[in-house]
Amino acid sequence: MDNSKELFFFNAQLLIANRERILSNPQLAYASTYIAPLGAVLQWWEKYPRESHDEQGNPLLYMAGNLMSGSGWNHCVVLMPDGEIVDKSVGHWKSGVNTLMAVQKEWQNPPENTFTLEDVIVTLTTTGNEWLDRYIGRLRTGLHESHAALLDKDKEIDNMRSFINTLRIERIRAHAYVCLDVLKKDFYQLDILINAFNRAKNDYYNEKKHNPDSPYLAEMKAAKEDLSTLVRAKEKGMIEQYNCNACHGLPLTIDELRDTLKYLITATAE
């Protein structure tokens, strides 16, 4: 069983018993259950007693079936008076779904720091005196403040990473500008290798597709792999040569280096 369903099912009696307390506190009432805000479910049980209960007057906790189908098949879960959770079929389950959806439409303005269903259950079972309420309130306030501080720190880290990356790229551009002619030559040679590799790869796969028994396949495959090795070796050598940030442990990719070349060519042409 899904954890959220299990939590809701086996604490339904507690939630019903504390209906007024929950509905008087928006943070509790807007706690999310697996079907609707908790307050919406409590209101549904009260506002639509026939549609929200089975034929014996037991509250529905779950409804499933095909709303578009003409068949009466459905699967519902009800809460018995002794607290037992029972699966059964309910004849009016479609009207139950429709009325619950109607009530749910009224619950569209959740407050900040809405409790989770687990928070609600903990609150209902552990609070009850003024001192304990204040203590738990301070703990929850501290938790939310810590969470907000953590989000701010994450934002600072992201900004620092962005700043470091900007410096890294600027250093690469400055270094590459000094040897721009050599960089152009290296990429010219690399592109020749890449084009040769792509042709060899296409030739190999076309031959394999149309002539699977061709005696040239092994030779073509070896040529393709050799060119792939040459391309990777050329890229690796260029990265090692032009990564002026390597001493700082900062990486460089061949695509970043190619973008640097495009940027410098555009900048020098202006």
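Further up the page is the structure itself.
For the structure given in this document, a descriptive report is provided here. (Residues numbered from 1 in each chain as written. Predicted model: local features only at pLDDT ≥ 70, side-chain atom pairs only at ≥ 80, totals over all residues. Heavy atoms only, no water.)

**Observations regarding the overall build of the protein chain**
Heads up, the condition is: Secondary structure counts use DSSP, requiring at least four H or I residues in a row for a helix and at least two E residues in a row for a strand, with both numbered from the N terminus. For the exposure calls, accessible area comes from a 1.4 Å probe over protein chains only, and a residue counts as buried if that area is under 20% of its type's maximum, exposed if over 50%, partly exposed in between. In this description, contact between two residues means that some pair of their heavy atoms is separated by no more than 4.5 Å. Values of accessible area rely on a 1.4 Å probe in the Shrake-Rupley scheme; residue burial ignores everything except the protein chains shown.
The helix and strand inventory of the protein chain stands at 11 helices and 3 strands. Secondary structure of the protein chain in N-to-C order comes out as α-α-α-α-α-β-β-β-α-α-α-α-α-α. In the protein chain, buried positions account for 33% of the 270 residues. Long-range pairs, those at least 24 residues apart, make up 62% of the contacts in the protein chain with a sequence separation of at least 6. Surface accessibility of the protein chain: about 16,900 Å² in total, with carbon and sulfur atoms responsible for 54%.

**Side note on the side chain of Asp54**
Just so we agree on the cut-off: Any pair of nitrogen or oxygen atoms within 3.5 Å is treated as a polar contact; in protein, a donor-acceptor pairing is required on top of that, and neighbouring residues in sequence qualify only through side-chain atoms on both sides.
Within the fold, Asp54 resides in the loop between α5 (38-47) and β1 (60-65). Taking the relative accessible area as the measure of exposure, Asp54 reaches 4% and is therefore buried. In this structure the side chain of Asp54 is engaged in a polar contact, spanning 2.7 Å, whose partner is the backbone nitrogen of Asn58. Among the polar contacts listed, one links the side chain of Asp54 to the side chain of Lys88, at a separation of 3.1 Å.

**What to know about a nonpolar patch on the surface**
To keep things clear, this is the line we draw: Residues enter patches when their relative accessible area tops 30% and they take part in no salt bridge; the joining distance is 9 Å for like charges and 5 Å for the nonpolar side chains Val, Leu, Ile, Met, Phe, Trp and Tyr. In the sections that follow, a salt bridge refers to a side-chain nitrogen of Lys or Arg positioned within 4 Å of a carboxyl oxygen of Asp or Glu.
Together, Met160, Phe163, Ile164 and Leu167 make up a nonpolar patch on the protein surface, roughly 380 Å² of accessible area in all. Within the element layout of this structure, Ile164 appears in helix α8 (residues 130-178).

**Side note on the pattern of salt bridges**
Pairing between side chains becomes possible if they bear opposite charge and their charged atoms approach one another. Evaluated as defined, the whole model comprises 10 salt bridges. Note that Arg19 and Glu20 form a salt bridge whose closest N and O atoms lie 2.4 Å from each other. The exposure class assigned to Glu20 is exposed, which follows from its relative accessible area of 54%. One salt bridge in this structure joins Arg173 and Glu170, with 3.4 Å as the shortest N-O distance. Remark: Glu170 and Arg173 occur in helix α8; sequence separation between them is 3 residues, near one turn of the helix. Assessed through its relative accessible area of 40%, Glu170 is described here as partly exposed. Through salt bridges with shared partners, one network takes in Arg19, Glu20 and Glu46.

**Structural notes on the packing of α5 against helix α6 (residues 93-104)**
Threshold: Every axis corresponds to a line fitted to the C-alpha atoms, with the helix fit spanning only the stretch in contact, and the corresponding angles, defined between N-to-C directions, vary from 0 to 180 degrees. With respect to orientation, any angle under 35 degrees is reported as roughly parallel, any angle over 145 as roughly antiparallel, any angle of 65 to 115 as roughly perpendicular, and every other angle as oblique. By the definition used in this description, the sense in which the near helix is turned from the far one sets the handedness, with an anticlockwise turn below a right angle giving left-handed and a clockwise turn giving right-handed. Gly falls in the polar group here, along with every residue not listed as nonpolar (Ala, Val, Leu, Ile, Met, Phe, Trp, Tyr, Cys, Pro) or charged (Asp, Glu, Lys, Arg).
Where α5 meets α6, the closest approach of the two axes is 9 Å, and the angle between their N-to-C directions is 125°. Classified by the angle their axes make, α5 and α6 are oblique. In this structure, α5 crosses over α6, and the sense of that crossing is right-handed. Residue-level inspection shows Ala40, Gln43 and Trp44 of α5 in contact with α6, the latter providing Gly96, Thr99, Leu100, Val103 and Gln104. Tallied by class, residues from the contact of α5 with α6 come to 4 nonpolar, 4 polar and no charged.

**Regarding unusual backbone geometry**
Of note, the phi angle at Asn113 is positive, near 55°, even though the residue is not glycine. On the basis of relative accessible area, Asn113 is assigned to the partly exposed category, the value being 39%.

**Some details on the packing of aromatic side chains**
The relative placement of two aromatic rings is captured by the distance of their centres and the angle of their planes. In plain terms, the rule: Two aromatic rings from Phe, Tyr or Trp, using only the six-membered ring of Trp, form a pair when their centres are within 6.5 Å; if the ring planes differ by under 30 degrees the pair is stacked, by over 60 it is edge-to-face, and anything between is tilted.
For the structure shown, the criterion picks out 6 aromatic pairs. Each ring, one from Phe9 and one from Tyr34, has its centre 5.9 Å from the other, and the planes form 85°; the classification is edge-to-face. With Phe9 in helix α1 (residues 3-9) and Tyr34 in the loop between α4 (26-29) and α5, the pair connects residues that are 25 residues apart, well separated along the chain. With a centroid separation of 5.1 Å and an interplanar angle of 65°, the aromatic rings of Tyr204 and Tyr205 are classed as edge-to-face. Given a relative accessible area of 8%, Tyr204 falls into the buried group.

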